[in-house]
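Chain by chain, the residues:
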Amino acid sequence: MVKHNFPKKVHIREVGPRDGLQNESNFIQTEDKIEWINLLSASGLSYIEVTSFVNPTWIPALSDAELVAKQINKFDEVTYAALVPNMKGLTRALESKIDEVSVFISASETHNKKNINKTITETETVLSEVVRESIANNKTVRGYISTVFGCPYEGNVEIEKIIRLSDSLFEMGIDELSLGDTIGIANPLQVNFVLEELLKRYPADKIAMHFHNTRGTAMANVLASLEMGITKIDSSIGGLGGCPYAPGASGNLATDDLNYMLTGMGIQTNINSDKLHAAALFIQDKMNKPLESHSLKYSSTN
Ligand code: HMG
Ligand code: MG
């Protein structure tokens, strides 16, 4: 028997309703989003990022954030999170009774500026207040760092920048850090390199990995992460996704493909694959186009 070092259980962070839809020019009707999120909740997923409380003129696809957050059926065993860029977003998220607040910042100045119209330093000032107020309101907080493995405008991003921002976010009080490969450029050796540095400073259960699959390397990067002890992986049902302010950013790693691989490896996810598939088919139908996940493509031919 070959020895391996994979975890027994992996927590999938479903980001489809947020990262999956934010880049879509097609507006998915609010009632369809709600029905879809309810299907995702019923599949056994324990974490769903349901929307974004960003400026709706920047992300029109999620301009119905309040309605979605308030009208979904909330399952006790599911954490419902939403993206929050500033205090205005936090006020909206708190009124909408979101469980967890997700703040975000880029490791590269140009992407940060294009994505949230501020310098990294200005953003840190905003986020420290958002994190402080979230904690004061008994919310857990997730912190994303984008462009960890490369920036569409600046290219390579030095590890020192990732370490400095990680320290800054943890000092603010975040509970979990998600490292974003925003434009799907990473390879497993880069993942090893970045994680080796971060795991010297933080325990593995504080770190999640967020891979986009632009160049087909996301699953290999997951495996590299699991081998290093990571147990939290972000993914998006059907492989939906992308950042409108990162040219070339395509879909996220697909939840259905990820769940297939993990369960096949005997790694627990607690997700019912038939119910997950039903949620994937539902949104594919509403989007009226074939989605990217291999599981969906395979099922359409069988
Ligand atoms: P700004 O224009 O600089 O904001 O945008 P401002 O503070 O100057 O305000 C301008 C107007 O926006 C004001 O309204 C504000 O009230 C309003 P006016 O007085 O003109 O009527 N406003 C808001 N309205 C609703 N909700 C808010 C809000 N904030 C201000 N929260 C801002 C700055 C950050 C708001 C804008 O740049 C923005 O919304 N950016 C979001 C972009 C985004 O969502 N990008 C994608 C998510 S990040 C990502 O995908 C990466 C990730 O997946 C990880 C990875 O893959 O690496 C997380
Ligand atoms: Mg993303």
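Coordinates for the structure precede this section.
Residues numbered from 1 in each chain as written. Chains lettered and ligands numbered in written order. Predicted model: local features only at pLDDT ≥ 70, side-chain atom pairs only at ≥ 80, totals over all residues. Heavy atoms only, no water.

**Focus: the pairing of strand 6 (residues 176–181)**
Point 1. In terms of residue burial, strand 6 counts as a mostly covered element, since six of its six residues are buried.
Point 2. Pairing between strand 5 (residues 140–146) and strand 6: four bridges, direction parallel. Within strand 6, the position partnered with Arg142 by the bridge is Glu176.
Point 3. Between strand 5 and its parallel partner strand 6, the chain crosses via helix 7 (residues 159–172), and the hand of that crossover is right-handed.
Point 4. When strand 6 meets strand 7 (residues 207–211), the two strands line up parallel, connected through five bridges. Residue Ser178 lies in a different strand from strand 7, and its bridge partner there is Ala208. (Buried < 20%, exposed > 50% of the residue type's maximum accessible area, 1.4 Å probe, protein only. Helix = DSSP H or I, 4+ residues; strand = E, 2+ residues; numbered from the N terminus. Pairing = 2+ DSSP bridges. Right-handed = clockwise from strand over helix to strand, strands pointing away.)

**Re the nonpolar core**
A general trend in soluble globular proteins is that nonpolar side chains are found buried together.
Point 1. One finds Trp36, Val103, Leu169, Leu179, Leu198, Met209 and Ile233 to be the most contacted residues of the largest nonpolar core, which totals 88 residues.
Point 2. A total of seven residues in this core trace back to one element, the largest contributor, which is helix 7.
Point 3. The residues contacting Ile233, other than those within four sequence positions of it, are Val10, His11, Ile12, Arg13, Met209, Val222, Leu226, Leu253 and Leu258. (Core = buried A, V, L, I, M, F, W, Y, C linked by side-chain atoms within 4.5 Å. Contact = heavy atoms within 4.5 Å.)

**Here's the deal with the packing of aromatic side chains**
Point 1. Under the defined criterion, the tally for this structure stands at three aromatic pairs.
Point 2. For the ring pair Trp58 and Tyr245, a centre distance of 5.2 Å and an interplane angle of 50° mean the geometry is tilted. Taken together, the residues Trp58 in the loop between strand 2 (47–52) and helix 3 (65–71) and Tyr245 in the loop between strand 8 (232–235) and helix 10 (255–264) connect sequence positions 187 residues apart.
Point 3. The class for Trp58 is partly exposed, based on a relative accessible area of 30%.
Point 4. With 6.3 Å between their ring centres and 40° between their planes, Phe149 and Phe211 make a pair best called tilted. Residue Phe149 is found in the loop between strand 5 and helix 7, and its partner Phe211 is found in strand 7; the two are separated by 62 residues along the sequence.
Point 5. Here Phe149 falls in the buried class, since its relative accessible area comes to 4%. (Phe/Tyr/Trp six-rings, centres within 6.5 Å; stacked < 30°, edge-to-face > 60°.)

**Digging into the coordination of the magnesium ion (ligand 2)**
Point 1. Every protein donor of the magnesium ion (ligand 2) is accounted for by Asp19 (OD), His210 (NE2) and His212 (NE2), and the metal-donor separations fall at 2.1 to 2.3 Å.
Point 2. For the magnesium ion (ligand 2), the donor residues sit on a single chain with the sequence spacing D-x190-H-x1-H. Separated by 193 residues along the polypeptide, Asp19 in helix 1 (residues 16–20) and His212 in the loop between strand 7 and helix 9 (218–227) bring together distant segments of the chain.
Point 3. On the basis of relative accessibility, which here comes to 2%, the residue Asp19 falls in the buried class. (Donors = N, O, S within 2.8 Å, 3.2 Å for Na, K, Ca; no water.)

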